[in-house]
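Residues per chain are reported as follows:
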Amino acid sequence: MKPDEKSHGGRPWSFDREQAIETAMQLFWQHGYEGVSVGDLTKVIGVAPPSLYAAFGNKAGLYQEAVKRYEDKYGSLDFASVANASSTAEAVRKLLEGAVRAVTDPARPRGCMISSGMVACHPNLHSLALDAAARREVLRESVANALRPFTKNGDEAHRLARYVSAILQGISIQARDGVAKEDLQAIVEDVVSGLKDRGDGNN
């Protein structure tokens, strides 16, 4: 929404709503929900608290829109490349290598806002934590669907997806901790090697 578009009360916003969501996404991605105050948001966005509340309801409302923006722009794995894999191990490699590239991209905050977001929070934020968990479950389902052609049945696909998702979360957290890209790639090599050793490499 541009500055001259109308708010719910019929008056124009004093700021660009879409840019505010983009800015908030960057802040929450880098510092987490509880690491960003309303004061931080209003200062960086350049708006008074009443206008922020009028536009988004509260900080949680803005956070939810920021997470949705992240999910739409950055939250998807490279499932298209998986379709061209020749084995389970190669499919998993493509997923994990794509994730490593994403969470270590120097042009963005490190880590994944979905994988490592709201894993621990104040009890009052339980609804946001549940939403984050639900988004991670949707991602796991997407991973399972992508890996289904390389597994024997749906149960095996979901088991493998949960394992891969756990690795993805670990990679995200280590990336936020500053672990080098080459060290995260070494994790990928170990995972792929393990799949090959147990016979999943050529499925």
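Residues numbered from 1 in each chain as written. Predicted model: local features only at pLDDT ≥ 70, side-chain atom pairs only at ≥ 80, totals over all residues. Heavy atoms only, no water.

## Re the side chain of Lys59
Consideration 1: Turning to its location among the elements, Lys59 is positioned in helix H4 (residues 59-73).
Consideration 2: Glu34 provides the closest opposite charge to the buried, unpaired Lys59, separated from it by 7.1 Å.
Consideration 3: Looking at Lys59, its side chain comes within polar contact range of the main-chain oxygen of Tyr33, at 2.9 Å.
Consideration 4: Beyond its immediate chain neighbours, meaning those up to four positions away, Lys59 contacts Phe28, Tyr33, Glu34, Val36, Ser37, Val38 and Leu41. (Helix = DSSP H or I, 4+ residues; strand = E, 2+ residues; numbered from the N terminus. Buried < 20%, exposed > 50% of the residue type's maximum accessible area, 1.4 Å probe, protein only. Lys, Arg positive; Asp, Glu negative; His and termini not counted. Salt bridge = Lys/Arg side-chain N within 4 Å of Asp/Glu carboxyl O. Polar contact = N/O pair within 3.5 Å; in protein donor to acceptor, adjacent residues only side chain to side chain. Contact = heavy atoms within 4.5 Å.)

## With respect to the nonpolar core
Consideration 1: Core analysis: the largest hydrophobic core is formed by 59 residues, its most contacted members being Phe28, Leu41, Leu62, Leu96 and Met113.
Consideration 2: Secondary-structure elements contributing two or more residues to this core are helix H1 (17-31), helix H2 (38-45), helix H3 (49-56), H4, helix H6 (88-103), helix H7 (126-147), helix H8 (154-176) and helix H9 (181-197).
Consideration 3: A per-element tally of this core places H6 first, with eight residues.
Consideration 4: Setting aside its immediate chain neighbours within four residues, Leu41 contacts Ala24, Leu27, Phe28, Val36, Gly46, Leu52, Lys59 and Leu62. (Core = buried A, V, L, I, M, F, W, Y, C linked by side-chain atoms within 4.5 Å.)

## Thoughts on the packing of aromatic side chains
Consideration 1: Taken as a whole, this structure holds six aromatic pairs when the rule is applied.
Consideration 2: The interplanar angle of 15° and the centroid separation of 5.8 Å between the aromatic rings of Phe28 and Tyr33 together place this pair among those described as stacked.
Consideration 3: Relative accessible area serves as the criterion here: at 8%, Tyr33 is assigned to the buried category.
Consideration 4: Taken together, a centroid distance of 5.0 Å and an interplanar angle of 80° make the contact between Tyr33 and Tyr63 edge-to-face. Taken as a pair, Tyr33 in the loop between H1 and H2 and Tyr63 in helix H4 lie far apart in primary sequence, 30 residues in all. The two residues Tyr33 and Tyr63 agree in class, both being buried.
Consideration 5: Connected via pairs of aromatic rings, a cluster forms that spans Phe28, Tyr33 and Tyr63.
Consideration 6: One cation-aromatic arrangement involves Lys59 over Tyr33; the distance from NZ or CZ to the ring centre is 4.2 Å. (Phe/Tyr/Trp six-rings, centres within 6.5 Å; stacked < 30°, edge-to-face > 60°. Lys NZ or Arg CZ within 6 Å of the ring centre and 35° of its normal.)

## Regarding H7
Consideration 1: The terminal C-alpha atoms of H7, which comprises 22 residues, lie 31 Å apart, in line with the 32 Å expected from a rise of 1.5 Å per residue.
Consideration 2: By the burial criterion, the buried members of H7 are Leu128, Ala129, Ala132, Arg135, Arg136, Leu139, Arg140, Val143, Ala144, Ala146 and Leu147.
Consideration 3: Against H4, helix H5 (79-82), H6 and H8 lie the buried residues of H7. (Expected span 1.5 Å × (residues − 1).)

## With respect to the packing of H1 against H4
Consideration 1: Contact geometry of H1 with H4 gives a least axis separation of 8 Å together with a crossing angle of 85°. The angle between H1 and H4 falls in the class roughly perpendicular. Residues Arg17, Glu18, Ala20, Ile21, Glu22, Ala24, Met25, Phe28 and Trp29 of H1 form the contact with H4, whose participating residues are Lys59, Leu62, Tyr63, Glu65, Ala66, Arg69, Tyr70 and Lys73.
Consideration 2: Residue classes in the contact of H1 with H4 are distributed as 10 nonpolar, no polar and seven charged. (Axes fitted to C-alpha atoms, helices over the stretch in contact; angles between N-to-C directions. Parallel < 35°, antiparallel > 145°, perpendicular 65-115°, else oblique. Nonpolar A, V, L, I, M, F, W, Y, C, P; charged D, E, K, R; others polar.)

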